[in-house]
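Report on the structure
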There are 2 protein chains.
Amino acid sequence: MPHYNLCLLGYGNVGRNLVKLLYDKYFDLRDKHDIEFSITGIATRRIGWLASPDGFDYEDLITDKPLVNIDPAPTNVHEWLKAARTDAMFEITSLNPQTGQPAIDHCVAALEHGAHAITANKGTVVHGYHMLRDLARSQGKRFLFESTVADGMPVFSLFRDVLPVARLRQFDGLLNGTTGVILSEIAAGKSMDEAIQSAQALGIAETDPSADIDGWDAAVKVIALATVLMDVPLKLSDVQVEGIRNLTAEQIQAARRDSKPYKLVSRVTRLGGVDEQRIIATVRPEQVPIESAMGAVGPETMLINFQMDVIPNLVIMEDNAGPYTTAYGLLCDFITAVSGVQERQIRQRPTLLDDRL
Amino acid sequence: MPHYNLCLLGYGNVGRNLVKLLYDKYFDLRDKHDIEFSITGIATRRIGWLASPDGFDYEDLITDKPLVNIDPAPTNVHEWLKAARTDAMFEITSLNPQTGQPAIDHCVAALEHGAHAITANKGTVVHGYHMLRDLARSQGKRFLFESTVADGMPVFSLFRDVLPVARLRQFDGLLNGTTGVILSEIAAGKSMDEAIQSAQALGIAETDPSADIDGWDAAVKVIALATVLMDVPLKLSDVQVEGIRNLTAEQIQAARRDSKPYKLVSRVTRLGGVDEQRIIATVRPEQVPIESAMGAVGPETMLINFQMDVIPNLVIMEDNAGPYTTAYGLLCDFITAVSGVQERQIRQRPTLLDDRL
């Protein structure tokens, strides 16, 4: 049975849950997918580049026991990938959405080493998708990123594996849970500042909440989706972005009373005819009727409505992510990478937009 | 490039749309999936067993021009499959939900001939799933049925291809559009009889609407989903079925005024612990809050909420099926069958229920 050495670059909550999930599903992976694995590399800024070619012990990985490194210790990503005899690397460091770095360099290093590169880091898709995809192909490996947009809710794999030959005309949806929670709290009577503080207290909003509130988190996800699913690469400046900061509490509360609550809606529409490869992309607050799926769902729900030639409206949504959900997307990518599931090549269209990223 | 001979058994709306869709996607199939095809067999009760080993002409197929048969004409399904040199057969005759026949026999014939068997006929799954799946495996072919439950909305392929190792604890949802339309019309002021007549006039309800109204259509879909996705085979008598016939117009209208409209809800819950392989399956009218996805969606929406260990609530829904939607499910099955996408074997658990079907 094939045995894979797995390395995690970044080891916070997602990384720990990934390790737990891998072992929870140990027998399913072995019996249903012919996969056995060891965790042979862990790296973080704090603990450095740790490798154990025979595999770290599970108990050591999920407790705070110090992990024993090989001697001499690897001093960079290349030495680490080699020392850990890496077959697949999970890139789960925190995001730099402006550049996608250093995550892109880490993925390049993994692919050049001959390992699959799997990431939860949307910066890699936004800033490096074509390069990483092509590098992966030339290496006979995979670059996969299911967890970048909507926790582990299947989006990229949905189009890759179960919606072949579908033509995506438009998608719209709710891609940012933080603004969902803030809008919901304001609708229930809080001020913007109180709602932000409350979301921060719940661990939903970050200390600097501007990436969420001003719409940039959603915009980056829009770019990732349009790039991969529509084969239309975009820059951030191509997306018309308006966050929720300019809405007043009075507006938000009145909209809720009228049963048309505000939601931060992301939308990408493909123009037709000769403008086929052009799209309009927006992220902005919109009033959505409460008697519709998008209006009715809970504040943290991720939802995407895909409009296709073959299925006019297909909606997929995730009501509340669990602790395993993001890790599950990474695990699915790993299974896809090593199961030899055929990669369906997206037909390349000649386009002037191709090198705009 | 591989070339496949396709045969359609049943040639009504779904069959014609499948032929149109196949030719609409001709270049995508060729360029993205390395698939070329001819339609070499058409059979219906009215026109008999028609075969054209070199392929029928597209124009002839989509107009009402009589199709030219080979001489001597095939006289049964076996002769027909052979004369048409069939590589994949689409079984799209109308359903006998009580027995699944003659669709099951047709699928057996196709598999024994050495062709893939693809069906939109849920009777085959309810009454023949294990036998047809095992026969397909022994022949090195596929038995696939994406279009049986929710038009072409991906359900079986979702679990097969993009939700590996997920453990399904419960699903609930709306599986019958006809009752959705009838309940909606009654809520808006009609009587039950008026609502049924109006749904019949729209072509949504059948002349004898009892299979929909009494919940049996939904119950058959519940059985198909539980059998395949949970590996728990059920008989119709295992499902607690209550249709909408005993609801009064007053109840339905009052529920709508209270913002808790009635929906015909299908639900399957797996019991835990030692009763792991036991489930509770119900189809019954339930009042659903309008401020929830299930309560807010339109009358014809198909919706399933999957509760899994790895994703607590994943909802997939289809707002309005288009003319291509059912045909698209069949096309996806064909692509899956011939693309060599790895079949993920469901782990067999020893169970006393296994031979109950």
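Please refer to the structure placed before this passage.
It should be emphasised that the depicted structure is a prediction, and the values quoted were computed from it without experimental measurement.

**Quick look at the overall build of chain A**
- Counting its regular elements, chain A contains 14 helices and 12 strands.
- In terms of overall size, chain A behaves like a compact globule, its C-alpha atoms giving a radius of gyration of 21 Å where 357 residues would be expected to give roughly 21 Å.
- Seen through its principal axes, chain A has C-alpha atoms that stretch 65 × 50 × 35 Å.
- The long-range share in chain A, meaning contacts at least 24 apart out of those at least 6 apart in sequence, stands at 69%.
- Of the roughly 14,300 Å² that chain A leaves accessible, carbon and sulfur atoms contribute 47%.

**A closer look at the relation of the copies chain B and chain A**
- Placing chain B over chain A gives an RMSD of 0.0 Å and needs a rotation angle of 180 degrees, together with 0.0 Å of translation along the axis. Such a combination of rotation and displacement between the chain copies is what one expects of a two-fold axis.
- The residues that chain B uses at the interface reappear at the interface of chain A in 100% of cases, marking a shared surface.

**Here we look at the side chain of Gln-253 of chain A**
All names here are of chain A.
- Topologically, Gln-253 is positioned in helix H12 (residues 249-257).
- The exposure class of Gln-253 is buried, given its relative accessible area of 18%.
- In terms of polar contacts, Gln-253 uses its side chain to reach the backbone carbonyl oxygen of Lys-190, at 3.4 Å.
- If we ignore the near neighbours within four places in the chain, the residues touching Gln-253 are Ile-186, Ala-187, Gly-189 and Lys-190.

**A closer look at the sheet that holds strand S3 (residues 48-51) of chain B**
Residues and elements named next belong to chain B.
- The 6 strands are arranged S3-S2-S1-S4-S5-S6 in an open sheet whose pairing can be described as mixed. The outermost strands of the open sheet, each flanked by one partner alone, are S3 and strand S6 (143-144).
- Relative to S3, strand S2 (residues 36-44) runs antiparallel, the two being bridged by 4 bridges. In the strand pairing of S3, Ile-42 is matched with Leu-50.
- Where helix H1 (residues 13-24) meets the sheet, its contacts fall on strand S1 (3-9), S2 and strand S4 (88-91), and the angle it forms with S2 comes to roughly 170 degrees.

**Examining unusual backbone geometry**
- For the bond from Gln-101 of chain A to Pro-102 of chain A, the omega torsion is 5 degrees, close enough to zero to count as cis.
- Its location among the elements puts Pro-102 of chain A in the loop between strand S4 (88-91) and helix H5 (103-113).
- Residue Asp-71 of chain B is joined to Pro-72 of chain B through a cis peptide bond whose omega torsion reads 5 degrees.
- When you line up the elements, Pro-72 of chain B lands in the loop between helix H3 (58-62) and helix H4 (77-83).
- Of note, Arg-85 of chain A is a non-glycine position whose phi angle comes to about 45 degrees, a positive value.

Parameters and conventions
Residues numbered from 1 in each chain as written. Chains lettered and ligands numbered in written order. Predicted model: local features only at pLDDT ≥ 70, side-chain atom pairs only at ≥ 80, totals over all residues. Heavy atoms only, no water. Helix = DSSP H or I, 4+ residues; strand = E, 2+ residues; numbered from the N terminus. Rg over C-alpha atoms; globule rule 2.2 N^0.38 Å. Contact = heavy atoms within 4.5 Å. Areas by Shrake-Rupley, 256 points an atom, 1.4 Å probe, with all protein chains shown as cover. Least-squares fit on C-alpha atoms with pLDDT ≥ 70 in both. Buried < 20%, exposed > 50% of the residue type's maximum accessible area, 1.4 Å probe, protein only. Polar contact = N/O pair within 3.5 Å; in protein donor to acceptor, adjacent residues only side chain to side chain. Pairing = 2+ DSSP bridges. Axes fitted to C-alpha atoms, helices over the stretch in contact; angles between N-to-C directions.

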